[in-house]
Amino acid sequence: MDTNISFTLKVWRQNGPQAKGHFDTFEMKDIPGDTSFLEMLDILNEQLIEAGKEPFVFDHDCREGICGMCSLYINGHPHGPAQGATTCQLYMRRFHDGDVITVEPWRSAAFPVIKDCMVDRSAFDKIIAAGGYTSVRTGQAQDANAILISKEAADEAMDCATCIGCGACVAACKNGSAMLFVSSKVSQLALLPQGRPEAARRAKAMVAKMEELGFGNCTNTRACEAECPKNESIANIARLNREFIKAKLAD
Ligand code: FES
């Protein structure tokens, strides 16, 4: 049975990318355990608005683990303490009466703060625009069905495609590396025959864009894999490295 909890909530407030930030502290009372984390923040904002204060800014959209917008760093973990779940899939029953809950934005040079805990993740869009697509003609649906793909390759490509581009991998990494994101996006196409014709160009272009945008290098700490809400594997990073080296050698 769900019980209500009361706890101390510390949230990061920052007016813009160059502004100095600080924590605001709130005492949250009698929050039902079946309240989602974002609903709890909605309650906070209703209280702030009623008191004539500025609401706390955070990102969200689908609220069902699909869009990757809910980018909150909670008690030292991207998306909080639940494994394989986004912030919007986190419920207050995970916490205890009397807890101190600290909420911060993704901290990475490549993700500047827009306001409070909303960050600009358009760097990911730029990496996708550099090559995370296929432009070859694949024909009609029946043509796609005529291309045989092994069950293993189809399953693996689908696992890679579950990356929602939330940026938790970057936030978790001490180097601010985007390798798990980029490698998942490269892998989902490299594993399928439709993605092969442009595989070399794609790997080179996406890695170059990632480096240009200021993401750090991967040093295999595996923090990204541990914190990814979609359980993406660092085997994808090994695959990206192979794709990239192959493409460079072919040059
Ligand atoms: S709001 Fe869409 S994944 Fe959380």
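Position labels on residues start from 1 in each chain and follow its written sequence. Local features in this predicted model are restricted to residues whose pLDDT is 70 or higher, and side-chain atom pairs enter the listing and the counts only when it is 80 or higher, whereas totals over whole chains, interfaces and linings include all residues. Each side-chain value is derived from all of the structure's non-hydrogen atoms; neither hydrogens nor water enter the calculation.

*Asks:* Is there a simple way to think about the pattern of salt bridges in this case?
*Replies:* Side-chain pairing between opposite charges can occur once the charged atoms of the two side chains come close. What counts as a salt bridge is simple: a side-chain nitrogen of Lys or Arg found within 4 Å of a carboxyl oxygen of Asp or Glu. For the structure on display, the rule yields 14 salt bridges. When the shortest N-O distance is used, the salt bridge between Glu-198 and Arg-202 registers 3.9 Å. Of the two residues, Glu-198 and Arg-202, neither departs from the other in class, the shared state being buried. Salt-bridge contacts for Asp-251 lead to Lys-204; the nearest nitrogen and oxygen are separated by 3.0 Å. Throughout this description, buried means an accessible area under 20% of the type-specific maximum (1.4 Å probe, protein chains only), exposed means over 50%, and partly exposed covers the range between.

*Asks:* Teacher, can you tell me more about empty space enclosed by the protein here?
*Replies:* Vacant regions in the atomic arrangement are exposed by a probe of water-molecule size rolled over the atoms. Cavities and pockets were defined on a 1 Å grid built from protein atoms only: a cavity is a group of points that admits a 1.4 Å probe but offers it no way out, a pocket is an open group of points flanked by protein on both sides within 12 Å along at least five of seven lines, and a lining residue is one with an atom within 4 Å of any such point. Grid points are joined across faces, edges and corners, and a volume is the space filled by probe spheres set on the points. For the structure on display, the rule yields 2 cavities of 30 Å³ or more. In this model, the largest cavity occupies a volume close to 100 Å³. Considering the residues around the largest cavity, the lining is formed by 15 residues, among which Cys-173, Cys-218, Thr-221, Arg-222 and Cys-224 are closest to the centre. Only Asp, Glu, Lys and Arg are considered charged in this grouping, and only Ala, Val, Leu, Ile, Met, Phe, Trp, Tyr, Cys and Pro are considered nonpolar; every other residue, Gly among them, is considered polar. In terms of residue class, the lining of the largest cavity is built from 9 nonpolar, 5 polar and 1 charged. Considering only enclosed or pocket space, the second largest cavity measures out at about 80 Å³ in volume. What lines the second largest cavity is a set of 13 residues, and nearest its centre among them are Cys-163, Cys-166, Cys-169, Cys-228 and Pro-229. Its residues assigned to classes, the lining of the second largest cavity shows 9 nonpolar, 2 polar and 2 charged.

*Asks:* When you look at the packing of helix H6 (residues 179-190) against helix H9 (residues 235-250) in this model, what are you seeing that I'm missing?
*Replies:* Two measures define how a pair of helices packs: the angle their axes make with one another and the distance between the axes. Every axis corresponds to a line fitted to the C-alpha atoms, with the helix fit spanning only the stretch in contact, and the corresponding angles, defined between N-to-C directions, vary from 0 to 180 degrees. Numbering goes from the N terminus for both helices and strands, where a helix is a DSSP run of H or I of at least four residues and a strand is a run of E of at least two. Viewed as axis vectors pointing N to C, H6 and H9 meet at an angle of 70°, and their least axial separation amounts to 8 Å. Classified by the angle between their axes, H6 and H9 sit roughly perpendicular to one another. Our pair here, H6 against H9, has a crossing hand that is left-handed. The segment H6 lies against H9, with Met-179, Leu-180, Val-182, Ser-183, Ser-184, Val-186, Ser-187 and Ala-190 engaging Asn-236, Ile-237, Arg-239, Leu-240, Asn-241 and Glu-243. The residue inventory of the contact of H6 with H9, partitioned by class, reads 7 nonpolar, 5 polar and 2 charged. Orientation labels follow simple angle bins: below 35 degrees gives roughly parallel, above 145 gives roughly antiparallel, 65 to 115 gives roughly perpendicular, and whatever is left gives oblique. When the near helix sits turned anticlockwise from the far one by under a right angle, the crossing is termed left-handed; a clockwise turn instead gives a right-handed crossing. Two residues qualify as a contact provided that any one of their heavy atoms is within 4.5 Å of a heavy atom in the partner residue.

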